[in-house]
Amino acid sequence: MTNLIKTLIVDDEPPARSVIRNMLDDEADIEIVGESTNGKDALDAIAELAPDLVFLDIEMPEMDGLSLVEALDGVATPAIIFVTAYNQYAAKAFDVAAVDYLLKPFDHERMAVALNRAKANLRERTDEDRSDQLIELLRHLTARENLLDRFVIKNSGRVLLVPVIDVDWIEACGNYIVLHAGPNKHIVRETMKQTELRLDPKMFVRIHRSTIVNIGRISELLVHFNEEHLVVLKDGSQLTLSRRFRDKLSERLGTNI
């Protein structure tokens, strides 16, 4: 983090952006680098400006704040302070993810609390940590009610249904994913973050930035170099378990790795 905290304000209502901007005027370590009026523009601004902190309105037309967060996969993740007029989004879900929110209307005192929390997040956590926090937030907000039970793949006039239980592992490939189901591979236009949010966490676990694995297909773990491990599947496939996701896999397997 630089001395100045590069800050982006995202809200479709000009008065709301003005309130935030005015409250930040007295913050010597805050530099407002831009404003966006919708989620799509904000996504481009985050990629271009690489802000450290984003004030993000949840309720916006076209792409709302939560959809924007879901689309951040592959982009450096800033600290985010959500702004909302509806307390249905607030409280426990944001506390679980260690992400703060401002409930409209808010005052300078509440803004100061949110800023202090965001600054601590920037000091103490990495981009990857923040990405994991946001995934947990989305899971709690959506309550995991609509878990995916099959992938629907459209290709050359055909619609192929692939049950998730048949998928051994999933590989990232840019803005696509590759489903490995036995000897078959299927390409789906979807990011890893979007896929991870729709899968049952009791069945699938992310073991690498580019890999999600079906826990039931794991046969054994082998010690690899640099304290990393290889996850060996029942079909003999060997996948790298990165240190970042080791604790998550340990939790799912019920043992320390």
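The following refers to the structure shown.

## Quick notes on the nonpolar core
If you look at the biggest cluster of nonpolar residues, it comprises 23 residues, and the most contacted ones within it are Leu 56, Ile 80 and Phe 82. Counting residues per element, the ones that place at least two in this core are strand S1 (5-10), helix H2 (39-49), strand S3 (53-57), helix H3 (65-70), strand S4 (79-84) and helix H6 (127-142). With near-sequence residues (within four places) excluded, Leu 56 lies in contact with Val 10, Gly 65, Leu 68, Val 69, Ile 80, Ile 81, Phe 82 and Val 83. Within the second largest apolar cluster, 18 residues are counted, among which are Ile 20, Met 23, Ile 30 and Leu 53.

## Quick word on the sheet that holds strand S5 (residues 100-103)
Sheet strands associate in pairs through backbone hydrogen bonding, adopting either a parallel or an antiparallel arrangement. The strand order S2-S1-S3-S4-S5 describes an open sheet built from five strands, whose pairing is parallel. Here the strands that pair on one side only, and so sit at the sheet edges, are strand S2 (30-36) and S5. Direction aside, neighbouring strands of the sheet carry axes that sit 20° apart on average. Where S1 and S3 come together, four bridges link them in parallel fashion. Across the sheet, the residue bridging to Val 10 is Leu 56, located in S3. On the sheet, H2 packs against S1, S2 and S3 and is oriented at approximately 170° with respect to S1.

## Overview of the sheet that holds strand S13 (residues 218-223)
With antiparallel pairing, three strands are arranged side by side in an open sheet as S13-S14-S15. Looking at strand neighbours, the two that pair on one side only are S13 and strand S15 (238-241), the edges of this open sheet. Along the sheet, successive strands turn relative to each other by an average axial angle of 30°, direction set aside. Sheet analysis places S13 next to strand S14 (residues 229-233), joined by five bridges and oriented antiparallel. In the sheet register, Val 223 faces S14, and the bridge partner there is His 229. Against the sheet, helix H8 (residues 246-253) contacts S13, S14 and S15, and its axis sits at roughly 140° relative to S13.

## Considering the pattern of salt bridges
Applying the stated criterion across every chain yields a total of 13 salt bridges. A salt bridge links Lys 119 to Glu 27, with the shortest nitrogen-to-oxygen separation between them at 3.6 Å. Of the two residues, Lys 119 sits in helix H5 (residues 108-124) while Glu 27 sits in the loop between helix H1 (14-24) and S2, which places them 92 residues apart along the sequence. Ionic pairing is found between Arg 206 and Glu 196, a salt bridge with its closest N-O pair at 3.0 Å. Linking Arg 206 in strand S11 (residues 204-208) with Glu 196 in helix H7 (residues 192-198), this pair joins segments that are ten residues apart in sequence. Considered together, Arg 206 and Glu 196 belong to a single accessibility category, that of buried residues.

## So, H8
Of the residues making up H8, those classed as buried are Arg 246, Lys 248, Leu 249 and Ser 250. Of the surrounding elements, those touching the buried residues of H8 are H7, S11, S13, S14 and S15. Note on H8: the residue one or two positions beyond its end, Gly 254, has a positive phi of about 75°.

## Considering the packing of H1 against H5
One way to put it is that H1 packs onto H5 with a least axis distance of 11 Å and a crossing angle of 75°. As the angle between them shows, H1 and H5 are arranged roughly perpendicular. Seen from H1, the contacting residues are Ile 20, Met 23 and Leu 24; seen from H5, they are His 108, Met 111 and Leu 115. Class assignment of the residues belonging to the contact of H1 with H5 gives a composition of five nonpolar, one polar and no charged.

## Details of unusual backbone geometry
Lys 104 connects to Pro 105 through a cis peptide bond whose omega is -10°. Tracing the sequence through the fold places Pro 105 in the loop between S5 and H5. One non-glycine residue with positive phi stands out, namely Ala 50, at about 50°.

## Quick word on the packing of aromatic side chains
Any aromatic ring pair is given by two values, namely how distant the centres are and how the planes are angled relative to each other. According to the stated counting rule, one finds zero aromatic pairs in the structure shown. A cation over an aromatic ring shows up here: Arg 110 above the ring of Tyr 101, its NZ or CZ 5.6 Å from the ring centre.

## With respect to a nonpolar patch on the surface
Taken together, Val 152, Val 159 and Leu 161 make up a surface patch of nonpolar side chains, about 270 Å² in accessible area. Checked against the element boundaries, Leu 161 lands in strand S7 (residues 158-163).

## Here's the deal with the side chain of His 229
Looking at where His 229 falls in the secondary structure, it is placed in strand S14. Classification of His 229 by relative accessible area gives buried; the value is 11%. Residues within four places of His 229 in sequence aside, it is in contact with Leu 222, Val 223, His 224, Leu 239, Thr 240, Leu 241, Arg 246 and Ile 257.

About the criteria used
- Residues numbered from 1 in each chain as written.
- Predicted model: local features only at pLDDT ≥ 70, side-chain atom pairs only at ≥ 80, totals over all residues.
- Heavy atoms only, no water.
- Core = buried A, V, L, I, M, F, W, Y, C linked by side-chain atoms within 4.5 Å.
- Buried < 20%, exposed > 50% of the residue type's maximum accessible area, 1.4 Å probe, protein only.
- Helix = DSSP H or I, 4+ residues; strand = E, 2+ residues; numbered from the N terminus.
- Contact = heavy atoms within 4.5 Å.
- Pairing = 2+ DSSP bridges.
- Axes fitted to C-alpha atoms, helices over the stretch in contact; angles between N-to-C directions.
- Salt bridge = Lys/Arg side-chain N within 4 Å of Asp/Glu carboxyl O.
- Parallel < 35°, antiparallel > 145°, perpendicular 65-115°, else oblique.
- Nonpolar A, V, L, I, M, F, W, Y, C, P; charged D, E, K, R; others polar.
- Phe/Tyr/Trp six-rings, centres within 6.5 Å; stacked < 30°, edge-to-face > 60°.
- Lys NZ or Arg CZ within 6 Å of the ring centre and 35° of its normal.
- Patch = residues over 30% accessible without salt bridge, like charges linked within 9 Å, V, L, I, M, F, W, Y side chains within 5 Å.
- Areas by Shrake-Rupley, 256 points an atom, 1.4 Å probe, with all protein chains shown as cover.

By themselves, these figures tell us nothing about what the structure is for.
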